[in-house]
Amino acid sequence: MKRLLVVLLVLSLLALPAVAQKADAKKPIKIGAIFAVTGPASFLGAPEEKTATMLAEQINADGGVLGRKIELIVKDSGGSPEKAVSFAKQLIEEEKVLAIIGPSTSGETMQIKQLCEENKMLLISCAAAEVIVNPVAKYVFKTPQKDSQAVTWIFNTMKEKGISKIAVLSSMDGFGDAGKKQILEMAKPAGIEVLASEAYDKQSTDLTDVLTKIKGTAGVQAVVNWSIVPAQSIVAKNMKQIGLNVPLFQSHGFGNRKYAEQAGAAAEGTLFPAGRLLVVDELADNHPQKALLAAYKKNYESRYKEDVSTFGGHAYDALMIVTEGIKKANAADRDKVRDAIEGLKGLVGTAGIYNFSPEDHTGLSLDAFEMLTVKDGKFAISKK
Amino acid sequence: MGDDSLFLQYLLSGITKGSIYAVVAIGFNLIYSATGVLNFAQGEFVMLGGMIAVTLCAFLPLPVAVAAAVVIVALTGCLLEILFFRKLRHHTIMHMIIITIGLSIVIQEVALHLWDEKVRSLPYFSGSEVSSIRIFGASVSPQVLWVLGTVAVVVVLLHAFLRYTLQGRAMRACSSNPDAAMLSGINISNMRTLSFGLSAALGALAGCVISPITMTHYEMGAPLAIKGFAAAILGGLGNPMASVVGGLLIGVIEAFSVSKLPAAYNDVTAFALLLLMLFVRPHGLFGSPSGESVREV
C-alpha cells in the first residue's frame, strides 16, 4: 500500500509540468498600456484608455486570441515622460508583458523608444511624431499618421488657396517641437515661406501677445498651429479677438471635438488634416473603412456617452495590430509577433489602411488623411 | 497695423494676463495679511470656483451659478481651516505652509475624481468667443474688461473691509501682533477661519471670471498659484492694491518681452524680474521693510 502511494506521488510529480504547460496555454496574454489618462495630454490618453479597455473586452467576449484571453494592464503616465519610463520598466521587468501599446504623447514615446529596443519589447505607440519610426527601430511601431504627411496635406491645401507666406506656432513639448521641425524643413521645397515661428508654454492660458507679434509681421497669409494641448482652442479664440483674420491651420492633433467646442464660434473655418473617423457619416458606404469606423463610433459613443476622437482610434489600431500579429504568428511569442506585424498588409484600421514593411513602421500612406474643417460647430470634409 | 496700435495691442495682451495674475494674488495676500501664511492651495480655490460654476451653469442662470460657486468654495475654505489648522498644536508658519501644499495636491486629486480630466469653460459673460472691443486700432475680448472690473471692485471692497470694519481691523491686528490681538479679546482662530473663507471666495470668483479666457481644468491651479505668488511678492505682501500692480506689471512685462524675444522666454523674463526684485527690494514694490505688512516666514 505504502509503495503504491509513493509510486502515485512520483507519477503525479512527473505529471505536474505537463499540467503547468497546459495551464500556461490557457493563461491570459498580458498586454501593457501606457496612456496619459490624466494631465495636460488627457485629451489623448483618456479616450485611448477607454477604447483599449472596450476593445479588449470585446475581443475576450468573442473568445480571445488563439483561445486565450487578453489581460490589458493600463498605467496612467499623466503625460509625464519620467513616469512613462518607470512604467515601461515595470511592464517589461515585473509584468513581463507581450507588448506595450502607447504612450499617448511623442515626448513620452521618445523617452522609452531606446528602452524597449534594448529589452526587445514590442512597442506600438499611439503618438504621432515622425521621429518615433524614423529612423526605424526594430521593435517600435506607431499607429497615427506621420507628421510629414500632415504637413504635406496642409501645404497642398495652402497652394490650392494661393497661400505662400505663413506663421508657425507650436507648443513646447515633444509633439510641438517635432511638428515645427517638419514644417520648417519641408516649407522651402514646397515653395512656402515661414515668416515667423514661435513656441509657447504648453500650459499657456492666453496667447494674444504671441499672436500680436504675428499680426505685426507683414505679409502673413495663414497661421499654422501645431500642438495637442488645450492651447489649440485658445489660439483660435485669440486670433478672432485681436482681429487676426487669416486662415488657421491646425495639426492632426485637433481631432477631438472638445477642442472645437471650447473654441466655439472662433473655431469655425479652422482647417486640419485628420483620419476619416470624424467624418464617418460623410463616407460612401463602399469605403473600406466605413464599416469598422461606424461600428467603433457607435460602440464607443453608446458606452461612454461622449464623442469619439481620432486619438481613441489610435489605441484601437494599436491593440488590433498586436492581436492581428498574434493571430498571424499563431503564437504569443514576442519575436514571432513582431515579424508578423512587419508583414501585415491591407489591415483596415481607424486611421487608415495599414501596410507595414521593414522600412515603414507606420504603414499608412498619404491618403489616410482627409482635409477637414469646422462647419457649424461640426467636423466636415473641406471641399475644394 | 501701425506701430502705435501694435504697442497698444501688446499692452492690452499684458493687461489680460496681468489681471488674471492679479486676481489670484489678491487671495494670496488676504490670508497672508491675517495669518502670515502663504496659502499654496490658493490656485485650487480658483480651480474649484470655475469647476463648480461650470457644473451649476448647466441648470442655473450664469450669475446664480457664479454666486453659488463662490459660496460653496468659501464654505469649503472655512471647513478646510477648521479641519486642518484649528486643531494644530504648533501654529508655526512653516507647518501651516507645508499643510497648504499638501492640501493643494489633495484638492487636485479630489477634483480629478469628482469631475474628470476634461477642459471646460463658462460662456463669455458678454459677447462670444469671437467678439472683441476695438480701442484705438487694438482689440480686446470683453471678458478682459469683466476681469479688470472684478479686480477693481474686489480691491475697493477689500480695502474698505480691512480699514473700516471691526472684523477687518481685527484681522489686521492678528497679522501684526497675534499675541497682542489675543490679549485685546480677538478670537484669533475665528479670524483665521474668516480669512480662509474670504480668500477662498475671492479665488472662486477669480476662477469664474477667468474661465472663459483660460478655460478650467483640474490642473489649472498650480501654474496660476505660482504666477499669482510672484505677483504678490513683486507688489509687496500684505497689501491687496500692491498685488494688482504686481500682477499687471508681470503681465505687461511678459507681453512686451514677446515682442522682442521668442515667446519661449516668456517665463524666464517674468521670473528673472522676480529674482532681481528679491535681491534688491525683498519686501516688494510697495511693502515696507519693517512693520505689519512683512513677517518672517
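Our structure is the block above this text.
So, how was this worked out
Residues numbered from 1 in each chain as written. Chains lettered and ligands numbered in written order. Predicted model: local features only at pLDDT ≥ 70, side-chain atom pairs only at ≥ 80, totals over all residues. Heavy atoms only, no water. Axes fitted to C-alpha atoms, helices over the stretch in contact; angles between N-to-C directions. Helix = DSSP H or I, 4+ residues; strand = E, 2+ residues; numbered from the N terminus. Parallel < 35°, antiparallel > 145°, perpendicular 65-115°, else oblique. Left-handed = near helix turned anticlockwise from the far one by under 90°. Contact = heavy atoms within 4.5 Å. Nonpolar A, V, L, I, M, F, W, Y, C, P; charged D, E, K, R; others polar. Expected span 1.5 Å × (residues − 1). Bend = angle between axes of the 7 residues up to and from the residue. Polar contact = N/O pair within 3.5 Å; in protein donor to acceptor, adjacent residues only side chain to side chain. 1 Å grid on protein atoms, 1.4 Å probe; cavity = no way out; pocket = protein on both sides within 12 Å on 5 of 7 lines; lining within 4 Å. Points joined across faces, edges and corners; volume = space filled by probe spheres on them. Domains from an automatic or database assignment.

Novice: Mind laying out the packing of helix 2 (residues 42–57) of chain B against helix 3 (residues 62–84) of chain B, listing which residues take part and the relevant values?
Specialist: Residues and elements named next belong to chain B. The geometry of helix 2 relative to helix 3 is characterised by a closest axis approach of 8 Å and an angle of 140 degrees between their N-to-C directions. Here helix 3 runs oblique to helix 2, going by the angle between their axes. The chirality of how helix 2 crosses helix 3 is right-handed. In contact with Phe 45, Leu 48, Gly 49, Ile 52, Ala 53, Leu 56 and Cys 57 of helix 2, helix 3 contributes Leu 62, Ala 65, Val 66, Ala 68, Ala 69, Ile 72, Val 73, Gly 77 and Leu 80. Partitioned by chemical class, the residues of the contact of helix 2 with helix 3 number 14 nonpolar, two polar and no charged.

Novice: Tell me about helix 8 (residues 188–214) of chain B, residues and numbers included.
Specialist: All names here are of chain B. Taking 1.5 Å as the rise per residue, helix 8 with 27 residues should run 39 Å; its terminal C-alpha atoms sit 36 Å apart, in good agreement. Of all the bends in helix 8, the greatest, near 30 degrees, is centred on Cys 208, and the proline Pro 212 appears no more than four residues after it. A distance of 3.2 Å separates the backbone nitrogen of Ser 189 from a side-chain oxygen at the start of helix 8, and that oxygen is part of Asn 187. Downstream of helix 8 by a residue or two, Met 215 has a phi angle that is positive, lying close to 70 degrees.

Novice: How would you sum up the layout of surface pockets? Please name residues and give values.
Specialist: Rolled over the atoms, a probe sized like a water molecule indicates the empty space that remains. Taken as a whole, the largest pocket holds about 630 Å³ of empty space. Only helix 2 (42–61), helix 7 (208–215) and helix 8 (231–241) of chain A together with helix 1 (3–35), helix 9 (221–235) and helix 11 (266–280) of chain B provide two or more residues apiece to the lining of the largest pocket. Taken together, the residues that form the lining of the largest pocket break down as 19 nonpolar, eight polar and ten charged. Looking at which domains feed residues into the lining of the largest pocket, each of domain 1 (28–145 + 289–367) and domain 2 (148–274) of chain A supplies at least three.

Novice: Break down the environment of Glu 130 of chain A for me, citing the residues and quoting the values.
Specialist: Residue and element names in this part refer to chain A. Within the secondary structure layout, Glu 130 lies in the loop between strand 4 (122–125) and strand 5 (140–142). Separated by ten residues in sequence, Glu 130 and Val 140 have C-alpha atoms that sit 12 Å apart. Once residues within four sequence positions are removed from consideration, Glu 130 is found in contact with Lys 146, Asp 147, Ser 148 and Gln 182.

So, to be careful, I would describe these as geometric facts and stop short of saying anything about function.
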